[in-house]
Amino acid sequence: PHRYYMPVNGASGISKNWQLGPYWQHDWKVTDKFSFLAGVREDVMFADYMDPAGWIPGDTTTMGMFNANASAVYKFQPTWSGYATYNWSQNPAGTGGNGGGITTQGEAKFASGGFHTEAELFEVGTKRGFLDGHGYVNLAVFQQTRSDLNTVSRVLSEIDTRGVEFEVNLQPNRNFYTTLGYSYIQADSSPAGFDVGNTTLVPPGSRFFSAPPGPIRRQGMPEHLFNLLTTYKLDCGAGVTANLVATGDIWNNTVGSIVIPPQYTLDLTVFYARQN
């Protein structure tokens, strides 16, 4: 409702998309302390688009997207292990319709390379148990580089993300459980990509439609993320759960003129459960 049809930008239409994803995975236990996990996957995507008004001829395309990963795990002690992971993938992105689905972007055929973006991930981490297996702690450091195709300006951006993740889980008995997690993430995009810039009351001719070249902080991504989940259940079946999620400030556009301040969400749940 209250929107008008744009016949030349491909934002209106009927689309269908389905995928077939055969994969192979192998877990190789080299020794009692060292193991290796590897896998590959090929996602075959079948996409179809048509314009019900007939302005755009529409198109059908089939393409494959490859994914490969490998992880090495070493046990320093029976309750302490470390790992290193690598992942490379092609992913479907771009040619997204303004109203949902997929589109040929106003052309007679799907844009060349419009579906293919790539991502590369390096991650190392460690996990250690304590209290005879009733708790464990995780620590991971990662770096990911991926491309992102802006659906409006057709600009291919490169997003570099680095981060540290920390997690503690504890369940000393069947009545109590708690988990605590913290993530610090730095994500930059270069170039910055498309931004309408209509956040101030200025004439349309004075508004910018693309941000300066990056790298620039990735919008929608908090640098700090904290979560806490605790559950206590009585033997009679009654219990309470508390869940806290807190984030640092979040850029809501590419130039940082709209910033969501630090915020938190607290959920409290009282429940009663029976075995039957």
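Structure shown above.
Residues numbered from 1 in each chain as written. Predicted model: local features only at pLDDT ≥ 70, side-chain atom pairs only at ≥ 80, totals over all residues. Heavy atoms only, no water.

## Some thoughts on unusual backbone geometry
- Positive phi, close to 55°, is recorded for Leu131, a residue that is not glycine.
- Here Leu131 is to be found in the loop between strand E6 (116–130) and strand E7 (135–149).
- In the Ramachandran plot, Asp132 falls in the positive-phi region, its phi being about 55° despite a non-glycine side chain.
- With respect to the helices and strands, the residue Asp132 is situated in the loop between E6 and E7. (Helix = DSSP H or I, 4+ residues; strand = E, 2+ residues; numbered from the N terminus.)

## Topic: the pairing of strand E2 (residues 23–29)
- Of all seven residues in E2, zero are buried; the element is thus mostly exposed.
- Inspection of the sheet shows E2 paired to strand E3 (residues 34–50) by seven bridges, in the antiparallel sense. Opposite Trp24, over in E3, you have Val40 as the bridge partner.
- Count of turn residues in the E2/E3 antiparallel hairpin: four residues. (Buried < 20%, exposed > 50% of the residue type's maximum accessible area, 1.4 Å probe, protein only. Pairing = 2+ DSSP bridges.)

## Focus on the nonpolar core
- Ranked by size, the top nonpolar core spans nine residues in total: Met45, Ala47, Tyr49, Ile56, Met63, Met65, Ile102, Phe110 and Phe115.
- When contributions to this core are tallied by element, the ones reaching two or more residues are E3 and strand E4 (59–77). (Core = buried A, V, L, I, M, F, W, Y, C linked by side-chain atoms within 4.5 Å.)

## Here's the deal with the packing of aromatic side chains
- Taken as a whole, this structure holds four aromatic pairs when the rule is applied.
- Measuring from centroid to centroid gives 5.4 Å for Tyr74 and Phe76, while their planes differ by 70°, and the two rings are edge-to-face.
- The class for Phe76 is partly exposed, based on a relative accessible area of 40%.
- Summarising the aromatic geometry, the rings of Phe76 and Trp80 are spaced 4.8 Å apart at their centres and angled 40° between planes, so their arrangement reads as tilted.
- Residue Trp80 is classed as partly exposed on the basis of its relative accessible area, which comes to 28%.
- Grouped by ring-pair contacts, the aromatic residues Tyr74, Phe76 and Trp80 constitute a single cluster.
- Cation over ring: Lys127 sits above Tyr136, and NZ or CZ is 4.3 Å from the ring centre.
- The residue whose ring lies beneath Arg128 is Trp80, and the NZ or CZ to ring-centre distance is 4.6 Å. (Phe/Tyr/Trp six-rings, centres within 6.5 Å; stacked < 30°, edge-to-face > 60°. Lys NZ or Arg CZ within 6 Å of the ring centre and 35° of its normal.)

## With respect to the side chain of Thr61
- Residue position: Thr61 is located in strand E4.
- When residues no more than four places from it in sequence are discounted, the contact partners of Thr61 are Met45, Phe46, Ala47, Phe110 and Phe115. (Contact = heavy atoms within 4.5 Å.)

## Quick word on the environment of Phe110
- Position of Phe110 among the secondary structure elements: in the loop between strand E5 (80–92) and E6.
- A relative accessible area of 10% places Phe110 in the buried class.
- On a C-alpha basis, the gap between Phe110 and Gly58 in space is 8.1 Å, while along the polypeptide they are 52 residues apart.
- In this view, Phe110 contacts Ala47, Asp48, Tyr49, Asp59, Thr60, Thr61, Ile102, Thr103, Thr104 and Phe115; residues no more than four positions away in its chain are not counted.

## Some details on the pattern of salt bridges
- Under the counting rule described, the total for this entry stands at three salt bridges.
- Across the salt bridge formed by Arg41 and Asp43, the nearest N and O atoms sit 2.9 Å from each other.
- Residue class for Asp43 comes out buried when judged on its relative accessible area of 16%.
- A salt bridge links Asp249 to Arg217, with the shortest nitrogen-to-oxygen separation between them at 3.0 Å. Highlighted residues: Asp249 in the loop between strand E12 (238–247) and strand E13 (250–251) and Arg217 in strand E10 (residues 216–217), separated in sequence by 32 residues.
- On the basis of relative accessibility, which here comes to 29%, the residue Asp249 falls in the partly exposed class.
- Overall, Arg217 belongs to the buried group, its relative accessible area being 17%. (Salt bridge = Lys/Arg side-chain N within 4 Å of Asp/Glu carboxyl O.)

Remember, this is a structural readout, not a statement about activity or role.
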